[in-house]
Amino acid sequence: MGETFVVVGGDAAGMSAASKAKRDDPDLEVVAFERGEWVSYAACGMPYYVKGEIDSLSDLVQVTPESFRQDRDVDLRTGHEVVAIDPERQVVTVVADGEQFEQPHDHLLVATGASAVMPPFGGLDLDGVFTIHDMDAAAAIHDFVESTGPETAAIVGGGYVGIEMAEALAARGLDVHLFEMLPHVLQPFGESVATVVEEHLEERRVTLHLDTPVEGFAGDEAGTVEAVTLESTAVPADVVVVGVGVRPNVELAEGAGIELGDTGAIATDEYGRTNVEHVYAAGDCAEARNVVTGEPDYVPLALTANRAGRAIGQTVTGNPTPVGGIAGTAIVKAFDLGAARTGVLDEAAAREAGFDPVSVEITAPTRAHYYPGAEQLTVALVADRASGRVIGASVVGREGAKRIDTVATALHAGMTVADLERLDLAYAPPFSPVWDPVATAARVLSGKLDT
Ligand SMILES: Cc1cc2nc3c(=O)[nH]c(=O)nc-3n(C[C@H](O)[C@H](O)[C@H](O)COP(=O)(O)OP(=O)(O)OC[C@H]3O[C@@H](n4cnc5c(N)ncnc54)[C@H](O)[C@@H]3O)c2cc1C
């Protein structure tokens, strides 16, 4: 009899692993358990569904359950929740339709993802108060907006999901208020990005309430939200979206003696292996190694999940493949702006990681100065003074934010500022000035490092 690979969680990490393992070893029995009904869905597209740019939620599904079963020969079971892992006996306990059974395995992947953080706000259970972490929540927000025709919206949390939802609801004609308890939105992107984004949000009539902790929500007699309550006042809101972060779903793993790291996510090695033999973890429930600091880190994003799942799919078929490190590279659209970040930007975090950070911020055109349509791109670049190594960057502008990938590549390669300055980057007037904004930032930072 062939071996069995069991996957817990039917989205990015889990289904990447299941598909890859089955493709590479058709004799492997691959069983994937998903407690919900949606699998292989692009959560990243949900704000654009609420906005009305994507017609149907099912457009966000990459591969349907039927296709996994018929075309890929993966034994995918939706509506099946894994409730326990027994590493000694190498079985998982599964509950479906009120029945319980055990599934043996030779290899197991925990790909249970993350859940939205629910702060201790009063009134979270009012109608019209939502988080947006899964497809059902996206459907619920969409339907609530369509059916009740709200005029004002409150977004709680100025992270990337909050910003995307602010754009989505503003596009539907709502008067949007965004509440953030920190002094700036997009905290991991650094202050230079945040201030540009904040100005733009206000231009687009999003009312910002920065440095403003929310206490909860007040409702009418029918139990529908009507206001966000602050320390000494209340702001009217007909619909509320809470997006204050996620926490890894680790209870199942913890219950089986699988170790967590300092970040609270599942600790893994470079192959995605946990401390328990035959058990792997990947995606939003797991840590990954930061290529800049060399330390375990937790940055729950889609490519990390897909990549790690695929690598583990290869590893379990006898082709050991590293899951790859992360640089915390992220990009977000805020109305007409793109903002992106990679690596270590924060001075205190850089010092804690043993670096002596030196940084520059430049603003340069995205195309040749004479070519129509050029926009300004602000690039902040950070390096370590002693080694000259590039350790982080952010960019913000109306076009060209994907240029962050040049710096992300430099981080993965351990390049110095001088290396980055000397890269042979593509140039033609419609695409870039002769010196791309990233190269210009490197040139200016080189000068600063020389002094
Ligand atoms: C609104 C929104 C926008 C986003 N935008 C971006 C973006 O632009 N770029 C980006 O990189 N990332 C984005 N992300 C993050 C990205 O969606 C996640 O990083 C990615 O989905 C992680 O995949 P995963 O497979 O690890 O976890 P998940 O997608 O969370 O999937 C885990 C699955 O496991 C199932 N499960 C959990 N426990 C069990 C159990 N015990 N038994 C059975 N099944 C179980 C869950 O039901 C779930 O379907 C966004 C997320 C959201 C919510």
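Here the structure is a predicted model, which means the values were calculated and not measured. Residue positions are counted from 1 within each chain, in the order its sequence is given. The predicted nature of this model means local features are confined to residues of pLDDT at least 70 and side-chain atom pairs, given and counted, to a pLDDT of 80 or more, with totals for whole chains, interfaces and linings taken over all residues. Calculation of side-chain values draws on the structure's entire complement of heavy atoms; hydrogens and water are dropped beforehand.

1. Some points on the site of the ligand
Part 1 of the reasoning: Neighbouring residues of the ligand: 30 residues in total, closest Asp11, Glu34, Tyr41, Asp284 and Ala302.
Part 2 of the reasoning: Any N or O atom pair separated by 3.5 Å or less is treated as a polar contact, with the protein-specific requirement of one donor-capable and one acceptor-capable atom, and with residues adjacent in sequence counted only for side-chain atom pairs. Within the backbone of Ala13, one N or O atom sits 2.9 Å away from an oxygen atom of the ligand.
Part 3 of the reasoning: Every helix listed is a DSSP run of H or I at least four residues long, and every strand listed is a run of E at least two residues long, numbered separately from the N terminus. Taken together, the elements giving at least two residues each to the shell around the ligand come down to α1 (12-24), β2 (29-34), β4 (81-86), α5 (160-171) and α8 (302-315).
Part 4 of the reasoning: Here the shell around the ligand is built from residues that sort into 18 nonpolar, seven polar and five charged. We call a residue near a molecule or strand whenever a single non-hydrogen atom of that residue lies within 4 Å of it. Think of it as three bins: nonpolar holds Ala, Val, Leu, Ile, Met, Phe, Trp, Tyr, Cys and Pro, charged holds Asp, Glu, Lys and Arg, and polar takes everything else, Gly as well.

2. Things to note about the packing of aromatic side chains
Part 1 of the reasoning: Note on aromatic contacts: the rings of Phe and Tyr and the six-membered ring of Trp form a pair at centre separations within 6.5 Å, being stacked when their planes are under 30 degrees apart, edge-to-face when over 60 apart, and tilted otherwise. Summed over the entire model, instances satisfying the criterion amount to three aromatic pairs.
Part 2 of the reasoning: With a centroid separation of 5.5 Å and an interplanar angle of 80°, the aromatic rings of Phe121 and Phe217 are classed as edge-to-face. Linking Phe121 in the loop between β8 (114-116) and β9 (129-131) with Phe217 in strand β13 (residues 216-219), this pair joins segments that are 96 residues apart in sequence. Pair check on accessibility: Phe121 and Phe217 agree, each one buried.
Part 3 of the reasoning: Judged by centre distance (5.5 Å) and plane angle (65°), the ring pair of Phe130 and Phe144 falls under edge-to-face. Taken together, the positions of Phe130 in strand β9 and Phe144 in helix α4 (residues 135-148) put the pair 14 residues apart, joining distant regions of the chain.
Part 4 of the reasoning: The aromatic ring of Trp435 is capped on one face by Arg443, whose charged end is 4.4 Å from the ring centroid. Burial classification: accessible surface area is computed with a 1.4 Å probe over protein chains only, and a residue below 20% of its type maximum counts as buried, one above 50% as exposed, and the rest as partly exposed. Only when the NZ of Lys or the CZ of Arg is both within 6 Å of the ring centre and within 35 degrees of the ring normal is a charge said to sit over the ring.

3. Digging into the pattern of salt bridges
Part 1 of the reasoning: Any carboxyl oxygen of Asp or Glu that lies within 4 Å of a side-chain nitrogen of Lys or Arg is treated as forming a salt bridge with it. Scanning the entire structure with this criterion turns up 21 salt bridges.
Part 2 of the reasoning: A salt bridge links Lys51 to Glu167, with the shortest nitrogen-to-oxygen separation between them at 2.6 Å. In this pair, Lys51 sits in helix α2 (residues 46-51) while Glu167 sits in helix α5, placing the two residues 116 residues apart along the sequence. No difference in accessibility class separates Lys51 from Glu167, as the two residues are buried.
Part 3 of the reasoning: When the shortest N-O distance is used, the salt bridge between Arg89 and Glu102 registers 2.7 Å. In this pair, Arg89 sits in the loop between β4 and β5 (91-96) while Glu102 sits in strand β6 (residues 99-104), placing the two residues 13 residues apart along the sequence.
Part 4 of the reasoning: Exposure remark for Arg89: the relative accessible area of 49% places this residue in the partly exposed category.

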